Amino acid sequence: MRELTYWCELAWLPPGRAVAGVLVAVRDTVITRIDTGVPSPPRGAVRLAGLTLPGLANAHSHAFHRALRGVTQRERGTFWTWRERMYAVAGTLDPDSYLTLARAVFAEMALAGITCVGEFHYLHHAPGGRPYDDPNVMGHALIQAAREAGLRIALLDACYLTGGAGVPLSGVQLRFGDGDADRWAARVEELTSRHRGERDVEIGVAVHSVRAVPADRIHVVADVSRRHAVPLHAHVSEQRAENTACEEAYGMSPVRLLETHGALGPRTTAVHATHLSEADIALLAGSGTRVCMCPTTERDLADGIGPARTLFDAGSPITLGSDSHAVVDLFEEARAVELNERLASERRGHWPAAELLHAATAAGHDSLGFPGAGVLVPGAWADLVSVRLDSPRTAGADPGHLAETVVFAATAADVHSVVSGGRHVVSDGRHVLGDVGALLAEAIATTRQESAS
Ligand SMILES: [Zn+2]
């Protein structure tokens, strides 16, 4: 395959500095060479204006939640009333409509500079819990959607067996369940063998939450993660009610329960980790478990503010996710981590912008089973995300404060070009699939018609 070259007006190079005049050579999916001190674009090179970052990784996504944007914002309520709305959307989807919706959502992500998504997948089966002819058809739809939108995907297949400790699944939840953990594992084994050797797909696993997987079944999920050396993600302590129920059922916190059953470690990501004790923090950090913060969702659902800096200082790498897609903008997620800490502590300056960019890039890719991605070096995945420095939001940026400008002032709308795994999927702010707004509108209208009928 022939070599393509991209000339970056400015590029974010390790160990975390913006460098002017950088030529990046790409062959197939990989960066082959990086030359600095190139004052102008050589002949044949594609010019990338502004600041070019490595690819952003959205470490926690539920694609179909995008259909809830706006419609859950009018009423009062809690996480639990929001969840009823979410279940109503989940009830409408089939493999075709899921593909259409997820493709549009992943295209929205590509427009925001995201080149890899961790899709936490639990909508497995047909209504009533009946498996489709191919029991992994919904997972295949998500993988196809990511490819067509130009993203790599870690499909984190979630085990979801109960509606709470000792509570059977009911209603829409039946679509999430495999009956028992061994049947879940068998389905995941089939999915894994189908995608073996595909470099742009990682089949990982998930404990949906300690509500949804009985304590004595958690090890089944941990065993699959260990056997295949793949990521294990879990929603952890997003809500105080989850902690209370776990204490009542098992006499310990969700973090302690996961640790007891072998589910913590460097391959594991605890999503949210909002309401933690000091002992929980020590267990997560001491085991090298990662933590995915989803601040725009956590504030939307009135979850609370997790102890991100304390976890990071204790040893847990931090990643970022847009989760429910109340917005899809990893710059907003990144600055919210710092701004939340300011509100909680009444002090400024907890997170240097470069550390937040690392969370949005390399740390996220690592947690999704794509180590070495999310950094501009030879041999890494060829992901180039270019951010305008001449928009109303970013114009006038001080050359010595470009990371701060991007993290604290840019939005997803400032991303004008995205090369993802060597494919130029966004140019001049346009996605190769065309009008992503129209694709989203059409896909979401379909879910509304289904839920009305
Ligand atoms: Zn989630």
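Since the structure is predicted, the reported quantities are computational estimates derived from the model, not experimental observations.

Participant: Even after reading the chapter, I still don't get the packing of aromatic side chains, so can you show me in this structure?
Facilitator: How two aromatic rings sit relative to each other is given by the distance of their centres and the angle of their planes. Taken as a whole and assessed by the stated rule, the structure comprises 8 aromatic pairs. Measuring from centroid to centroid gives 5.9 Å for Tyr122 and Tyr160, while their planes differ by 40°, and the two rings are tilted. Taken together, the residues span a long stretch of sequence, with Tyr122 in the loop between β6 (114-121) and α3 (137-149) and Tyr160 in the loop between β7 (152-159) and β8 (162-164) at a distance of 38 residues. Judged by relative accessible area, which is 3%, Tyr160 ranks as buried. Taken together through their ring pairs, the aromatic side chains of Phe64, Tyr87, Tyr98, Tyr122, Tyr160 and Phe176 make up a single cluster. Arg199 extends its terminal NZ or CZ atom over the ring of Trp381, reaching a point 4.5 Å from the ring centre.

Participant: I tried to follow the pattern of salt bridges on my own but got confused; where do I start?
Facilitator: Pairing between side chains of opposite charge can happen when their charged atoms approach one another. Going through the model one piece at a time under the given rule, you end up with 25 salt bridges. Its salt-bridge partner being Arg33, residue Glu3 comes within 3.3 Å of it at the nearest N-O pair. Of this pair, Glu3 sits in strand β1 (residues 3-13) while Arg33 is found in strand β3 (residues 30-35), placing the two residues 30 residues apart along the sequence. Overall, Glu3 belongs to the partly exposed group, its relative accessible area being 30%. By relative accessible area, which is 33% here, Arg33 ends up partly exposed. Two residues, Arg147 and Asp200, come together in a salt bridge whose shortest N-O distance is 2.7 Å. Separated by 53 residues along the polypeptide, Arg147 in helix α3 and Asp200 in the loop between α4 (181-194) and β10 (201-207) bring together distant segments of the chain. The class of Arg147 is partly exposed, set by a relative accessible area of 32%. Here the salt bridges share partners, and the residues they tie into one network are Glu3, Arg27, Arg33 and Asp35.

Participant: How do you make sense of the coordination of the zinc ion when you look at a structure like this?
Facilitator: For a metal bound by four donors in tetrahedral geometry, the ideal donor-metal-donor angle is 109.5 degrees, whereas six donors in octahedral geometry ideally sit at 90 or 180 degrees. Around the zinc ion, the donor atoms from the protein are His60 (NE2), His62 (NE2), His235 (NE2) and Asp323 (OD), and they sit 2.1 to 2.7 Å away. Around the zinc ion sit 4 donor atoms, and with donor-metal-donor angles ranging over 84 to 173° the site reads as irregular. One chain supplies every donor for the zinc ion, spaced along it as H-x1-H-x172-H-x87-D. Here the residue His60 occupies a position in strand β5 (residues 56-61), and Asp323 occupies one in the loop between β14 (318-320) and α11 (330-345), the gap between them amounting to 263 residues. Residue Asp323 is classed as buried on the basis of its relative accessible area of 4%.

Participant: Where do I start with helix α12 (residues 353-360) in this structure?
Facilitator: Residues spaced three or four apart along an α-helix point in a common direction, a consequence of the helix completing one turn every 3.6 residues. Regarding α12, the residues found buried are Ala353, Leu356, Leu357, Ala359 and Ala360. One side of α12 holds all its buried residues, which, seen down the axis, span an arc of 155°.

Basis of the calculations
Residues numbered from 1 in each chain as written. Predicted model: local features only at pLDDT ≥ 70, side-chain atom pairs only at ≥ 80, totals over all residues. Heavy atoms only, no water. Phe/Tyr/Trp six-rings, centres within 6.5 Å; stacked < 30°, edge-to-face > 60°. Helix = DSSP H or I, 4+ residues; strand = E, 2+ residues; numbered from the N terminus. Buried < 20%, exposed > 50% of the residue type's maximum accessible area, 1.4 Å probe, protein only. Lys NZ or Arg CZ within 6 Å of the ring centre and 35° of its normal. Salt bridge = Lys/Arg side-chain N within 4 Å of Asp/Glu carboxyl O. Donors = N, O, S within 2.8 Å, 3.2 Å for Na, K, Ca; no water. Tetrahedral: all angles 85-135°; square planar, octahedral: opposite > 155°, others 65-115°. Arc of directions from axis to C-beta.

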